[in-house]
Amino acid sequence: MNEENTQTTPVALATRHLCTVEFEVGGGIIGIGASPFGDQRLGYISGGRFFGPRINGIVLPGGGNWSRGGRLGDDASVGTFDARAVWQTDEGELIYLSYTGRNIIPDDVRATFADPAVPDADPSRYYLRIAPVFETASAKYGWLNGVLAVGVGERTDFGVRHVIHEVL
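Counting from 1, residues in each chain are numbered in the order their sequence is written. Whole-chain, interface and lining totals are the exception, using all residues; otherwise, since this is a predicted model, local features are given only for residues with pLDDT of at least 70 and side-chain atom pairs are given and counted only at 80 or more. Side-chain measures were taken over the full set of non-hydrogen atoms in the model, leaving aside hydrogen atoms and water.

Engineer: Let's hear about the overall build of the protein: which residues, and what values?
Structural biologist: In DSSP terms, a helix is any run of H or I states spanning at least four residues, a strand is any run of E spanning at least two, and both are numbered starting from the N terminus. From N to C terminus, the protein includes 1 helix and 9 strands. Reading the helices (α) and strands (β) of the protein from amino to carboxyl end gives β-β-β-β-β-β-α-β-β-β. In terms of overall dimensions, the protein has a C-alpha envelope of 60 × 50 × 30 Å along the principal axes. Remark: exposure states derive from per-residue accessible area (1.4 Å probe, protein chains only) relative to the maximum for the residue type, with buried under 20%, exposed over 50%, and partly exposed in between. Within the span of the protein, comprising 168 residues, buried residues form 35% of the whole. At a minimum sequence separation of 6, the contacts of the protein that also span at least 24 residues come to 54%. Computed with a 1.4 Å probe, the accessible areas rest on the Shrake-Rupley method; for each residue, only the protein chains presented here act as cover. Of the roughly 9900 Å² that the protein leaves accessible, carbon and sulfur atoms contribute 55%. For the protein, the centre of its 14 positive side-chain charges and the centre of its 20 negative side-chain charges are spaced 2 Å apart. Any two residues having at least one pair of non-hydrogen atoms within 4.5 Å are treated as being in contact. Under the counting rule used here, the positive set is Lys and Arg, the negative set is Asp and Glu, and His together with the chain ends is not counted. To locate a charge, take NZ of a lysine, CZ of an arginine, CG of an aspartate or CD of a glutamate.

Given below as structure tokens:
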């Protein structure tokens, strides 16, 4: 039996800027502790805003990020995200957002996160990436129901900022 070469040219990955979201984290991070499954933490979303070329609004309070952390080698921590939030557009439409993700933070950078006297660490020194999906009943923003996105994040003095790109 002859096998034909079935390799095809890969489809190029393209993205476009969807929005930037700034999550305010109120009450700090609740450290649940290290279990056999990792070090579990919870951060509540107390508000925020999102803005982009096609969508703008506020982040409603009440969401959160259930993160899990561990070690990656001798000098860095690694973590996962399990986050949920509700956005309200400028027109009053509601959008449910959920995302997973990963972070890698060198120990010297993490030490600066805990010190309020130290300005925010340079985001090029750590890795914070997310993969958000959206759900809405809005006719105007229904196109979000079919979007897979990726985001690049940075820690801020109010919480976290993600620049989100729609995967085309």
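After that view, the rundown keeps rolling.
Engineer: Tell me what's going on with the layout of surface pockets, and back it up with residues and numbers.
Structural biologist: Here the largest pocket defines a volume of roughly 790 Å³. The definitions used throughout rest on a 1 Å grid laid over the protein atoms alone, on which a cavity is an enclosed set of points accommodating a 1.4 Å probe that cannot get out and a pocket is an open set flanked by protein within 12 Å on both sides along at least five of seven lines; lining residues are those having an atom within 4 Å of a point. Every residue lining the largest pocket is counted, 33 residues in all, and those nearest its centre are Val25, Ile29, Arg155, Gly159 and Val160. Breaking the lining of the largest pocket down by element, the ones donating at least two residues are strand E1 (15-35), strand E2 (38-51), strand E4 (64-71), strand E5 (76-89), strand E6 (94-106), helix H1 (107-113) and strand E9 (159-167). Residues are sorted three ways: Asp, Glu, Lys and Arg are charged, Ala, Val, Leu, Ile, Met, Phe, Trp, Tyr, Cys and Pro are nonpolar, and all the rest, Gly among them, are polar. In terms of residue class, the lining of the largest pocket is made up of 17 nonpolar, 10 polar and 6 charged. Grid points are joined across faces, edges and corners, and a volume is the space filled by probe spheres set on the points.

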